[in-house]
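Listed below are the residues making up each chain.
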Amino acid sequence: MPKNYPTERIRNFSIIAHIDHGKSTLADRFLDIATPGDGRKKQEQRLDSMDLERERGITIKAAAVSLELKIKGQDYLLNLIDTPGHVDFAYEVEKSLQACEGALLLIDAAQGIQAQTVANAMLALEQDMEVMPVFNKIDLPHARPDEIAQELEHVLLLESEGVLHCSAKTGKGVPAIIDEIVERIPAPKGDPKAPLRALIFDAAYDEYRGVIVYLRIVDGIIRKRDLVHMIGADANYEVLELGRYTPEPKPCDELHPGEVGYLISNIKELGDIRVGDTITVNKGERAEVLAGYREPQPMVWCGIYPVQSKDFEDLRTALDTLKLNDSSIIFEPETSEALGFGFRCGFLGLLHMEIAQERLERESGIDIVQTAPTVPYQILLTDGTTRDIHRPGDLPDPTQYNEVREPIVTSHILVPTDCIGPIMSLCSERRGVFLKQEHLSANRVMLTWDLPLAEVIYDFYDKLKSGTKGYGTMNFDEPRFFAANLVKMRILVNEVEADALSVICHADDAQRRGRAVLQVLRKEIPRHQFKVPLQAAVGGKILARETISALSKNVTAKCYGGDITRKRKLLEKQKEGKKRMKSIGSVEVPQKAFLAVLRTD
Amino acid sequence: MGDDNLRFFLDSLNEITHFRNSAAEVSIEANPESFTDAFATAAIESGCNRLSLGVQSFQPNILQAYDRVHSADEAKRAFYSARKAGFSRINLDFIYAFPGQDPKQWEADLQEAARLDPEHLSCYELAYEPGTALTKLKQAGRWEPEDEDVCQALFESTENWLSGLGYTRYEISNYAKPREECLHNLASWRSLDYIGLGTGAASWRNGIRSKNILDPRVYQKRPFEQSESEARLPEEALFDLMLMGLRLPQQGVSRKRALRQTGLDPAEYWCELFNQFKSNGWLEIKADCIRTTPRGLLLLDTILGQMLPEV
Ligand SMILES: Nc1nc2c(ncn2[C@@H]2O[C@H](COP(=O)(O)OP(=O)(O)OP(=O)(O)O)[C@@H](O)[C@H]2O)c(=O)[nH]1
Ligand SMILES: [Mg+2]
């Protein structure tokens, strides 16, 4: 793919949808059409290239790919970005849309409009871009496109007349979508003669080649051997390689306005590349900075510590490397009495946290301990200033503040009409405030509630699913902070306070929570040679107690001649496992226990 | 195995090894349901002189939970068949610490077993070995093992009850009347050399631990090849010697023999650690032997875990 395209022959678009509505599968069909001979790549969801994506069957990262197609006798370059559908990765969608002039809004014709359909459509509409709804999975026998057309008009105020239907599975209807993209989505603007301006929208680290920068050219032309300047980072590099993803990387000599591709400059300094930064020329007329991206606002925070304290610096490098590829992660160094030196990390949700932790371990090989996640809080200090709190341990003595504020999110919950009752009670049990109820169609409604983020983030989604036979979905806006009667519950293990285990919770709920946490800890912490008392306390008041009895028996019943090797290996494994525990005072606590504090409802 | 097969097998073995003239102990294991009069006679006539019967329990509900096809009566019948055929040394295998099992029921099982007057009893606490069905149930949260404190109490009362009935605990799970210990197992607990014949069998000879090939078809073709073989360094051999020897609460580990076999005296090798174990009340270090106290025996895996070399 050596040649370049004038802007009028380029289309940049994202595929957006609710989770599992078929975005990555549709991208496969586009690839089939662009590279028909590519039969060897017959695996599904080709753009889900990360191991974790394939294992879990979901898209985690947006993936950009360039397609060359002949449409009505003309050569076109289509740059598509396949985006993730899960709420936790909405930031990826937001970033992707900023690199496009249009979006395909895919809707599963059997499931209809879901919470993330609405949320992602809003993101696109707010950016004033062309939104093209497409009904997918029309091959399903229970597809109901007519009803969904009604929902589309009702909820999103989008024209349903002439909406395209397709099956990403069979490929039916896909060519028509391509024609319509060219018709409806505007060509990118951009002046090839203006000074170079390119947006860094993503990056990855390659051990041999350094940072790989994913960029979209806005103005000017970037060429191999050019000396370029990263404005925000104030760094200069020579362009060693340019190219496009097809999805395999294909080098080229130039990238023109509207084009999307990658740049390699043997960049080893991770800090020089910031997603959202602008690239311009090093010498001559430099361009103005592009808008870049908004800072993501973390919904959950947790501590991440190396199991071996010597790995602290390596963990920092691992986090820097991960952040390059996932700019929504925020981290800062912290120390814990129990765990030593580590990092406080902010994530966009629990799934995001889980994925990030797993990527960290896999990609760096460092064993890590993760503390129980918490939502952010705000406190109003007695001197009138406010402070953000990202870990329960940081909540000062009650004499030092006037109020604790918790994050409240306005939540949109889409459910079948006959499930309204149980979901309304679920929301009010979770300290919610009802705002409104709107009918989407004859048998589906959208409920809007203000809910404390702390109540939503853990198991609310599971409860919502089980209360609606799987049909309920939800989305929520950025949190706002309101005062609430919150307390810090401290956990003492063998009389030693474990800062990494403390939680902030509602005062009325503290006792129940305390008991539940201790019960889990009693199961997760192995017996020691001494008795280990566990206590949960608010201030100086003990709310719950448990005791782990001393280890009194630890002996294998059967061991004969043939068992020696196995027995020895088992002992070695146990010893190795012990090394992976963190000690609180003289008590060794396994990683599981830190997370167990979560599973207490 | 049918009785004809048994005769053929042991006759052939005798042609090669002449074990009938030389062996101190020829032990055979059987399950009650297949141990018929004819089989018992065949075993005796082909040279066996000790029998180990997998009784497991006399309680129908436990036998069923453990997927055993025999009944308590069948087990007793097998025992009498063995006596009648001429077995003068018989062991009965039992399992205890089933979740919710009444300790009285276990005591009753032991009393009943003692009434048969076997020379030897093996009493294993129900174990959750990796990969077994019970372990999987347990991991899935569908099987709650017996409380650890109850298991400990059972471990201790088993010894009390049996010593009242004339049996001595000579190994963690093995009890015998005087001079009725199982010789070939004792040999492995004392780390004496042994050779295993047959698929997957383990050997320990000249400082090398090895295992035969497990797959019978492959084994047939290459009976002298090993699937695993590991030469143990003196320190490692010493650890293995302790791993096995400390299972014997009375004999313990002979320091002299350890020195002879590995060139190392454990009391010197683990000098510091053993002082700690001694003050914990876990080990007794004497001039000639090292052995666990009753409390140390209960914590043997903890003791061994600390003795493992740093890696
Ligand atoms: N029957 C049918 N199934 C489809 C169709 N399109 C996708 N699927 C199936 O729907 C499931 C989800 O497809 P994906 O392409 O992974 O969905 P996605 O929107 O990319 O999901 P996320 O990236 O996780 O948000 C897969 O099992 C696909 O095989 C279709 O047109 N018809
Ligand atoms: Mg996908």
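What you see is a predicted model, and the numbers here were worked out from it, not measured in a lab.

Caption draft 1: Region of interest: the overall build of chain A. A tally of helices and strands in chain A yields 14 helices and 34 strands. Here the C-alpha atoms of chain A give a radius of gyration of 27 Å, agreeing with the 25 Å that 2.2 N^0.38 yields for 601 residues. With the C-alpha coordinates aligned to their principal axes, the bounding extent of chain A is approximately 80 × 70 × 60 Å. For chain A, with 601 residues in total, the buried portion stands at 47%. Here the contacts in chain A between residues at least 6 apart in sequence split such that 70% fall between residues at least 24 apart.

Caption draft 2: Representation of the sheet that holds strand β9 (residues 226–231) of chain B. All names here are of chain B. The strand order β7-β8-β9 describes an open sheet built from three strands, whose pairing is antiparallel. In this open sheet, the two strands that pair with only one neighbour each are β7 (202–205) and β9. Geometrically, the sheet is characterised by an average inter-axis angle of 15 degrees between neighbouring strands, direction not taken into account. Here four bridges tie β7 to strand β8 (residues 208–212), and the two strands are oriented antiparallel to one another. Paired with Ser 203 across the bridge in β8 is Ser 210.

Caption draft 3: View of the interface of chain A and chain B. Chain A puts 21 residues into the contact, and the matching count from chain B is 30 residues. Looking at the side of chain A that touches chain B, its residues break down into seven nonpolar, eight polar and six charged.

Caption draft 4: Seen up close, the pairing of strand β22 (residues 386–389) of chain A. Residue and element names in this part refer to chain A. Sheet topology note: the strand β21 (residues 377–381)/β22 ladder contains four bridges and is antiparallel. Looking across to β22, one finds that Gln 378 is bridged to Asp 388. Linking two consecutive strands that pair antiparallel, namely β21 and β22, is a turn of four residues; a positive phi of about 90 degrees is found at Gly 384 within it.

Caption draft 5: The arrangement of the pairing of strand β3 (residues 90–96) of chain B in detail. Residue and element names in this part refer to chain B. β3 sits mainly inside the fold: six of its seven residues count as buried. Bridge count between strand β2 (residues 50–56) and β3: four bridges; the pairing is parallel. Across the sheet, residue Gln 56 finds its bridge partner in β3, namely Phe 94. As defined by bridge partners, β3 adjoins strand β4 (residues 120–125) across six bridges and the pair is classed as parallel.

Caption draft 6: Geometry of helix α11 (residues 234–245) of chain B. Helix length check: α11(B), at 12 residues, gives a terminal C-alpha distance of 16 Å against a target of 16 Å (1.5 Å per residue), a fit within 8%. In terms of burial, α11(B) is largely enclosed, as nine of its 12 residues are buried. Each element contacted by the buried residues of α11(B) is listed here: α13 (564–579) of chain A together with α9 (183–189), β10 (253–254), α12 (255–262), α13 (266–269) and α16 (300–307) of chain B.

Rules used in this analysis
Residues numbered from 1 in each chain as written. Chains lettered and ligands numbered in written order. Predicted model: local features only at pLDDT ≥ 70, side-chain atom pairs only at ≥ 80, totals over all residues. Helix = DSSP H or I, 4+ residues; strand = E, 2+ residues; numbered from the N terminus. Rg over C-alpha atoms; globule rule 2.2 N^0.38 Å. Buried ≥ 20, exposed ≤ 12 C-beta atoms within 10 Å, placed from the backbone. Contact = placed C-beta atoms within 7 Å. Pairing = 2+ DSSP bridges. Axes fitted to C-alpha atoms, helices over the stretch in contact; angles between N-to-C directions. Nonpolar A, V, L, I, M, F, W, Y, C, P; charged D, E, K, R; others polar. Expected span 1.5 Å × (residues − 1).

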